Amino acid sequence: MTYTTGELRRFIRSQRQSLSTQQQHQHAQSLCQNLIKEKNYRNSRHIACYLANDGEIDPHQLIEHAWFCGKQVYLPILSPLKKALYFVPYHAGDKLKLNRFNIPEPICSPSQWITAQQLDLLLLPLVAFDEQGNRMGMGGGFYDRTLSYLQHRRYWRKPVLVGLAHEIQKVERLDTQSWDIPLDYIMTEKQLYHTQK
Ligand SMILES: Nc1ncnc2c1ncn2[C@@H]1O[C@H](COP(=O)(O)OP(=O)(O)O)[C@@H](O)[C@H]1O
Ligand SMILES: [Mg+2]
């Protein structure tokens, strides 16, 4: 059976939303255990992550591990002018407020916002992925716009892009568009996919 992009997005979103609390917890725990062993995580000091929403795999244990190791954690913040993201420092106990998509963001003055290029590692949520590193997001293209500078970079590429997902979000092959920015890796509760470029 073939799906349109919209149908596939709705289908996988409903699949991940119907995971039980116990499955979500197990996946989150395995994800964290797998990621903290990775060189790309261990060597990174400036790491952007996200707060789980809509059944996304929950990286909060990783955030806590990164704090414990003295790494600087950032969360994405919607630019009020462009449909793109900046990243703001996130510390234990920071107050959050809901953005226009009802996703919590730290309260932080624009002088502290940084761009993706200043990060070492960017951990991205996604709706669907394939083993080639193609990513389907929620349909807003926010990460694609934020990372569009990588389209013209072959060698000096920063940050490392790691999509985080449940294994059930993997599909055989995603259709891609010229603006889509592929991921370097995808980490699930089961394994790390290193994508071929
Ligand atoms: N670099 C970009 N510049 C301008 N528009 C973009 C860019 N990247 C994505 N978009 C727009 O964002 C929209 C959503 O992108 P899409 O890749 O379908 O969503 P998602 O990546 O969230 O699944 C597209 O219609 C596209 O026109
Ligand atoms: Mg896209």
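Small disclaimer: the values here were computed from a predicted structure and weren't measured.

### A word on the nonpolar core
- Ranked by internal contacts, the top residues of the largest apolar core, which has 23 residues, are Phe87, Leu119, Leu122, Leu124, Leu147 and Leu161.
- Only strand 2 (72-78), strand 3 (85-90), strand 6 (121-124) and helix 5 (142-146) provide two or more residues apiece to this core.
- Of all hydrophobic cores here, the second largest spans 20 residues; its members include Ile47, Leu123, Val162 and Tyr185.

### Remarks on the coordination of the magnesium ion (ligand 2)
- Protein coordination at the magnesium ion (ligand 2): the donors are Asp144 (OD) and Asp180 (OD), at 2.0 Å from the metal. Separated by 36 residues along the polypeptide, Asp144 in helix 5 and Asp180 in the loop between strand 9 (160-164) and strand 10 (185-187) bring together distant segments of the chain.

### Regarding the packing of aromatic side chains
- Under the counting rule described, the total for this entry stands at five aromatic pairs.
- Judged by centre distance (5.7 Å) and plane angle (80°), the rings of Phe101 and Phe142 are edge-to-face. With Phe101 in the loop between strand 4 (96-98) and strand 5 (104-106) and Phe142 in helix 5, this residue pair connects regions lying 41 residues apart in the sequence.
- Centre to centre, the rings of Phe129 and Tyr193 are 5.5 Å apart; their planes meet at 55°, and the pair counts as tilted. Of this pair, Phe129 sits in strand 7 (residues 128-129) while Tyr193 is found in strand 11 (residues 192-194), placing the two residues 64 residues apart along the sequence.
- Here the basic side chain of Lys71 rests over the ring of Tyr41, its NZ or CZ set 4.8 Å away from the ring centre.
- The side chain of Arg145 reaches across the aromatic face of Phe142, ending 5.8 Å from its centre.

### Some details on the site of ligand 1
- Around ligand 1 lies a shell formed by Arg9, Met136, Gly137, Met138, Gly139, Gly140, Gly141, Asp144, Arg145, Ser148, Trp179 and Asp180.
- Considering ligand 1 on its own, with 560 Å² of exposed area, one finds that the protein chains cover 66% of that surface.
- Taken together, the residues of the shell around ligand 1 break down into three nonpolar, five polar and four charged.

### Here's the deal with helix 1 (residues 5-17)
- A rise of 1.5 Å per residue sets the reference length of helix 1, with its 13 residues, at 18 Å; its end C-alpha atoms lie 18 Å apart and thus fit the reference within 8%.
- Along helix 1, the residues that are buried comprise Leu8, Arg9, Ile12 and Arg16. The arc that holds the buried residues of helix 1, viewed along the axis, is 100°, so those residues lie on one side.
- The elements touched by buried residues of helix 1 are helix 2 (21-35), strand 7 and strand 8 (135-136).

### Details of the sheet that holds strand 11
- Strand order in the open sheet formed by seven strands is 3-2-1-6-9-10-11, and the pairing between neighbours is mixed. Looking at the sheet topology across the chains shown, the edges are occupied by strand 3 and strand 11. Strand-to-strand, the axes of this sheet are offset by a mean angle of 25°, without reference to chain direction.
- Note: strand 10 against strand 11, three bridges, orientation antiparallel. Its bridge partner lying in strand 11, Ile186 is registered against Tyr193.
- Where helix 2 meets the sheet, its contacts fall on strand 6, strand 9 and strand 10, and the angle it forms with strand 10 comes to roughly 135°.
- Helix 4 (residues 60-68) rests against strand 2, strand 3 and strand 6 of the sheet, and its axis sits at about 130° to strand 2.

### A short note on the pattern of salt bridges
- Counting across every chain of the model gives five salt bridges.
- The partner of Lys158 in a salt bridge is Asp120, with the nearest N and O atoms 3.4 Å apart. Remark: Asp120 occurs in the loop between strand 5 and strand 6 and Lys158 occurs in the loop between helix 5 and strand 9; sequence separation between them is 38 residues.
- Look at Lys158 and you get partly exposed, because its relative accessible area is 23%.
- Between Glu131 and Lys170 there is a salt bridge whose closest N-O contact spans 3.1 Å. Taken as a pair, Glu131 in the loop between strand 7 and strand 8 and Lys170 in the loop between strand 9 and strand 10 lie far apart in primary sequence, 39 residues in all.

### A look at the side chain of Asp130
- Structurally, the position occupied by Asp130 is in the loop between strand 7 and strand 8.
- On the basis of relative accessible area, Asp130 is assigned to the buried category, the value being 0%.
- A polar atom in the side chain of Asp130 sits 2.9 Å from the backbone nitrogen of Leu174.
- Leave out the neighbours within four places in its chain, and Asp130 touches Val171, Glu172, Arg173, Leu174 and Ile186.

What counts, and where the lines are drawn
Residues numbered from 1 in each chain as written. Chains lettered and ligands numbered in written order. Predicted model: local features only at pLDDT ≥ 70, side-chain atom pairs only at ≥ 80, totals over all residues. Heavy atoms only, no water. Core = buried A, V, L, I, M, F, W, Y, C linked by side-chain atoms within 4.5 Å. Buried < 20%, exposed > 50% of the residue type's maximum accessible area, 1.4 Å probe, protein only. Helix = DSSP H or I, 4+ residues; strand = E, 2+ residues; numbered from the N terminus. Donors = N, O, S within 2.8 Å, 3.2 Å for Na, K, Ca; no water. Phe/Tyr/Trp six-rings, centres within 6.5 Å; stacked < 30°, edge-to-face > 60°. Lys NZ or Arg CZ within 6 Å of the ring centre and 35° of its normal. Near = heavy atom within 4 Å. Areas by Shrake-Rupley, 256 points an atom, 1.4 Å probe, with all protein chains shown as cover. Nonpolar A, V, L, I, M, F, W, Y, C, P; charged D, E, K, R; others polar. Expected span 1.5 Å × (residues − 1). Arc of directions from axis to C-beta. Contact = heavy atoms within 4.5 Å. Pairing = 2+ DSSP bridges. Axes fitted to C-alpha atoms, helices over the stretch in contact; angles between N-to-C directions. Salt bridge = Lys/Arg side-chain N within 4 Å of Asp/Glu carboxyl O. Polar contact = N/O pair within 3.5 Å; in protein donor to acceptor, adjacent residues only side chain to side chain.

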